[in-house]
Structure formats: C-alpha cells, structure tokens
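# Structure at a glance
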Amino acid sequence: MTRDGAPERRAKLVVLGQGYVGLPLAMRAVEVGYDVVGLDVDEARVKRLESADSYVEDIASEEIAEALASGHYQPSAAYADAEGFDVAVITVPTPLREGIPDLTYIEQSTASLGAHLTAGATVILESTTYPGTTDELVGPLLESVSGLRAGRDFRLGYSPERIDPGNKTWTFVTTPKVVSGVDEASLEAVKAFYDSVVDQTVPVRSTREAELTKLLENTFRHVNIALVNELAVFAHALGINIWDAIDAASSKPFGYMRFTPGPGVGGHCLPIDPSYLSWQVKRTLGTQFRFVELANDVNDHMPDYVVRRVIASLNARQRAVSGSRILLLGLAYKKNTSDARESPAVRVAQLLLDMGADLRACDPHIVESPRIPPDAMVELSASELEAADLVVVLTDHDAFDFELVERHAAHVLDCRNVPALTSSEVL
Ligand SMILES: NC(=O)c1ccc[n+]([C@@H]2O[C@H](COP(=O)([O-])OP(=O)(O)OC[C@H]3O[C@@H](n4cnc5c(N)ncnc54)[C@H](O)[C@@H]3O)[C@@H](O)[C@H]2O)c1
C-alpha cells in the first residue's frame, strides 16, 4: 500500500515470446511481484497457456495455473496488451536461414512493441544474436516507430540468456545474469530489473560485450565438443578407450574442463549461435572464423559416424542395415529434455531409415517426431530389446531403465558411455 492508502501499482512487464526462455522469465517475474503480459504470436501456445497447459519442461502446468489464478499473469497474442509497460524483454527465436542469421522475429516483435513504447520504459533484448544487434537494429527501430530516443527517453539493453533446460542446480534464478545497456542509465535500469528476479547480475561495459559473451560461451562449448568428438573417432580407430582418457584427464584440478563425445550437437543454441559469430566476422572483416567452421564440420558429421559404427557392428555379424531391426534409445538432443530441435539423434534415425533399417525409436520425453513413422515409436520393454539386432543409445535420459537394457539387449552401441551398460560397445 502507498502512504495515502491506495494499492501500490505493480510494475508492468511484457515478455515477447513465451518459449523455453520467455516462459520461465514470465513465471519468475509473477512470483516476485510484477504484472506480467506473456505475448506470443503463436495463438495455439497462448491458448495452452490460458488453460495452464505447459509445453516447456522446466515449468510445471501447476505453476502457470497459480500465476493465472494470482491475476498477475496474462498470456496474450495481442500487442495492444503491451500498452503502458514499464519493462519489456524480447525472447523471440533467432534461427539461421540458409546459414545466414534470420532476424525477422526480432524485427517484427520490436516494431510491434515500439508502437506501445512510452518515455521512461525499459526494453531488453535476450535473444541470442551477433554483436551490434541491440544498438544497430533494435534501438533505431524502436526510435523510428515511437519517435522517442534510446538513452534519453527510454532505456535499452541486452542480457544474454543462459537457461539450461533440465538443469536442476543452475536454474534461471541461481545462474548469474550478464547485463548491459546502451548508456549508464540504461545499464542501471537493466541491472535493477534482473536484480529483482535473479540472485546475481554481472554488468558489462556495453551491449556488444554482452552479445559477444553469449556467443563466446556457446562457441567455447561447440569447439570443445568438436574436439572430443574428433578425438573419439581417432581413438576408436587406434583401439584406445577415449572415455577412460577423459575420466583420467578430468582428475586434473586446473586447466582442463570435461567435455564428452556424442552423436553430434543439437538444440536451439550450439548448432546455430556460433554461426552468428562467424557470419559477422566474415561480413565485417572478410575473414573466416576457422574454429567455428571446423567445429561445425566435425559435429555435423557425427551422425554419419554413428551410422558407420552401426554398419560395422552389423557387418561383424554378417548383417546389413537394410532389414535389420535397430532400436534407438533417445531422440532429444540432450538428456532429460523433450527438445528434439536440430537433434543429431533424429538425423541418425533418418539416415538409417533411408538405408532400409527396420527402425524403432524410444524416448520417454517425446511421443511423436515429425521425421519418424508413428508406428516406429515404441516403449522400452524387454521384448523390444530382445527383438533388436542392435540397440543404439543416443540420449542417456535418466528415465531409461539401463539395467533392463543391459539384461535384455544382445548388442548395444552406446554413444554416451552409460555406467550401467558394462557389456556394450562405446562410441
Ligand atoms: N532454449 C534455450 O535453451 C536457449 C538458451 C539461451 C538462449 N536462447 C535464445 O533465446 C531466444 C528464444 O529461444 P527459445 O528457445 O525460447 O525459442 P522458442 O521457439 O521456444 O520461443 C520463442 C517464442 O517466440 C514466439 N514469437 C515469434 N515471433 C514473435 C513475435 N513477433 N512476437 C511475440 N512472440 C513471437 C514464438 O511463437 C515462440 O513461442 C533465441 O534467440 C535463443 O537462441 C535459448
């Protein structure tokens, strides 16, 4: 309550995009006391939100139900509902189109938001993008639509998202958040907003450093995964167990960080974000970002390598891929998520289907996949395992009963080195 007894006005937050990034932010903001409008152009998603039906794994449907019941969360497909906002956060997709950054979602959402921008408000971009997007694209677009000036009339900044779907230790709240602004006042406003929703903020000097931070983090992962993937291919050919070497190297308390091989990289970040950086380097400096190009090349070929190992395993038993019953465990790009975007496991499935495999696939987090015939999706059971000529572990979800796999599968190619699978062949 204010001093004159009137109810205190809650600050109004608008989150553009209610996906993996935007929905957790919206829920947290409701929890700490904002009036939140969750804007999404996907009307089907808005309908699901209105009926408290979550499609993002880290957010339980009950949490949405509570937010709706509090009267402080409004899912909407209408930009008119952004009217009078204090803070707006943009969390729309930033895909690649034919290898080139596609900023149309940022452009469209920014232009729609600009019509409702008023003096004193703060706009923050969270979508992953190349350095310069906030001050070269978002700022000028907001200015031209609203007639206001960034910095002078409204605050503008960038804060990269570090959400790790399925990670119970490092959540949106406990993971430090890098914050930035186009000027001092903007940085202060952006920092103040995130200080109210996360445990720790890390201010950086300008939006470009903040944009680069995100690309640096993802490129670092991408390159290191490519390093162990390429090493895994060579180690296998040399008869050396890469997993033992990785475990041993991980005992070094300094100067080493553990990364493990797998069937490739997937999701919305690793296969895409480093290319935003290499595209910008090429466009502005005319040179190639060789690490990114090489990492793309190595990681893109891992599904082919898995198929090569499948062929070798069947060949050792005088079998061909064509007609062999192959059971794939896991289609999501990483464990304990239902996210199959850009998943290398789906690519493996496609390659094997093209070669005539009698394919079955099982993923407790995914009921259907557009690239896999519905009747090929099965539940994990002793009979499915026994019927398979080869079982391939692509994603090591905790929900899989690997003891059952160990007991009932005759031949297993394990791309994740699952501890319970002691008698399988590893990648
Ligand atoms: N998913 C992750 O783990 C993750 C982690 C870090 C950063 N990011 C980045 O965050 C951004 C969003 O990713 P995401 O995974 O949440 O994507 P998502 O596809 O799950 O969600 C984005 C949402 O934005 C909506 N949208 C599209 N255009 C819109 C518009 N004009 N107005 C309002 N809504 C609109 C879409 O309908 C969709 O629901 C991307 O730039 C991504 O690279 C994602």
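Below is a short write-up of the structure. Keep in mind it's a predicted model, so treat the numbers as computed, not measured. (Residues numbered from 1 in each chain as written. Predicted model: local features only at pLDDT ≥ 70, side-chain atom pairs only at ≥ 80, totals over all residues. Heavy atoms only, no water.)

## Quick notes on the state of the cysteines
- The final tally for this structure, using the stated rule, is zero disulfides.
- In this model cysteine 362 remains outside any disulfide bridge; the closest cysteine sulfur is found in cysteine 415, 15 Å from its own.
- Look at cysteine 362 and you get buried, because its relative accessible area is 4%. (Disulfide = S-S within 2.5 Å. Buried < 20%, exposed > 50% of the residue type's maximum accessible area, 1.4 Å probe, protein only.)

## As for the packing of helix α9 (residues 273–285) against helix α10 (residues 290–300)
- Where α9 meets α10, the closest approach of the two axes is 9 Å, and the angle between their N-to-C directions is 140°. Viewed along their axes, α9 and α10 adopt a mutual orientation that is oblique. Regarding α9 and α10, the two cross each other, and that crossing is left-handed. Listed contacts from α10 to Pro274, Ser275 and Ser278 of α9 are Val292, Glu293 and Asn296.
- Residues of the contact of α9 with α10, tallied by class, amount to two nonpolar, three polar and one charged. (Axes fitted to C-alpha atoms, helices over the stretch in contact; angles between N-to-C directions. Helix = DSSP H or I, 4+ residues; strand = E, 2+ residues; numbered from the N terminus. Parallel < 35°, antiparallel > 145°, perpendicular 65-115°, else oblique. Left-handed = near helix turned anticlockwise from the far one by under 90°. Contact = heavy atoms within 4.5 Å. Nonpolar A, V, L, I, M, F, W, Y, C, P; charged D, E, K, R; others polar.)

## Considering the packing of aromatic side chains
- On inspection of all chains with the given rule, the structure shows six aromatic pairs.
- An aromatic cluster of at least three residues, connected via ring pairs, comprises Tyr34, Phe193 and Tyr194.
- Here the guanidinium or amino end of lysine 177 rests over the ring plane of tyrosine 194, the centre of that ring lying 4.7 Å away.
- Here the basic side chain of arginine 283 rests over the ring of tyrosine 130, its NZ or CZ set 5.2 Å away from the ring centre. (Phe/Tyr/Trp six-rings, centres within 6.5 Å; stacked < 30°, edge-to-face > 60°. Lys NZ or Arg CZ within 6 Å of the ring centre and 35° of its normal.)

## Observations regarding the pattern of salt bridges
- The final tally for this structure, using the stated rule, is 19 salt bridges.
- Among the salt bridges present, the one from glutamate 136 reaches arginine 208, with a minimum N-O distance of 3.2 Å. Note that glutamate 136 is positioned in helix α5 (residues 133–146) and arginine 208 in helix α7 (residues 207–237), a separation of 72 residues in sequence.
- Its salt-bridge partner being aspartate 195, residue lysine 191 comes within 2.8 Å of it at the nearest N-O pair. Residue lysine 191 and its partner aspartate 195 are both found in helix α6 (residues 184–195); the two are separated by four residues, about one turn of the helix.
- Judged by relative accessible area, aspartate 195 falls into the partly exposed class, the value being 37%.
- Taken together, the salt bridges that share partners define one network made up of Glu126, Glu161 and Lys177. (Salt bridge = Lys/Arg side-chain N within 4 Å of Asp/Glu carboxyl O.)

## Focus on the side chain of arginine 28
- Relative to the helices and strands, arginine 28 is located in helix α1 (residues 22–32).
- Arginine 28 sits in the buried class, given a relative accessible area of 18%.
- Here valine 197 takes part through its backbone oxygen, which lies 2.8 Å from a polar atom of the side chain of arginine 28.
- Non-local contacts of arginine 28, meaning those with residues more than four positions away in its chain, are made with Phe172, Val173 and Val197. (Polar contact = N/O pair within 3.5 Å; in protein donor to acceptor, adjacent residues only side chain to side chain.)

## Quick word on the site of the ligand
- The ligand sits among 25 residues. The nearest are Val21, Asp40, Arg45, Tyr79 and Thr94.
- Arginine 45 has a polar side-chain atom sitting 2.7 Å from an oxygen atom of the ligand.
- When the free accessible area of the ligand is taken as 830 Å², the share hidden by the protein chains comes to 93%.
- Broken down by class, the residue content of the shell around the ligand amounts to eleven nonpolar, eight polar and six charged. (Near = heavy atom within 4 Å. Areas by Shrake-Rupley, 256 points an atom, 1.4 Å probe, with all protein chains shown as cover.)

## Structural notes on the sheet that holds strand β1 (residues 12–16)
- Taken together, the eight strands give an open sheet; going across it, the order is β3-β2-β1-β4-β7-β8-β9-β10, and neighbouring strands pair in mixed fashion. The two strands at the open ends of the sheet, each matched to only one other strand, are β3 (73–76) and β10 (201–203). On average, each strand axis in the sheet is inclined to that of its neighbour by 25°, with strand direction left out of account.
- As paired elements, strand β4 (residues 87–90) and strand β7 (residues 122–125) share four bridges and run parallel to each other. Paired with valine 89 across the two strands is isoleucine 124, which belongs to β7.
- Its contacts with the sheet place α5 against β4, β7 and β8 (155–158), and it is angled at close to 145° to β8. (Pairing = 2+ DSSP bridges.)

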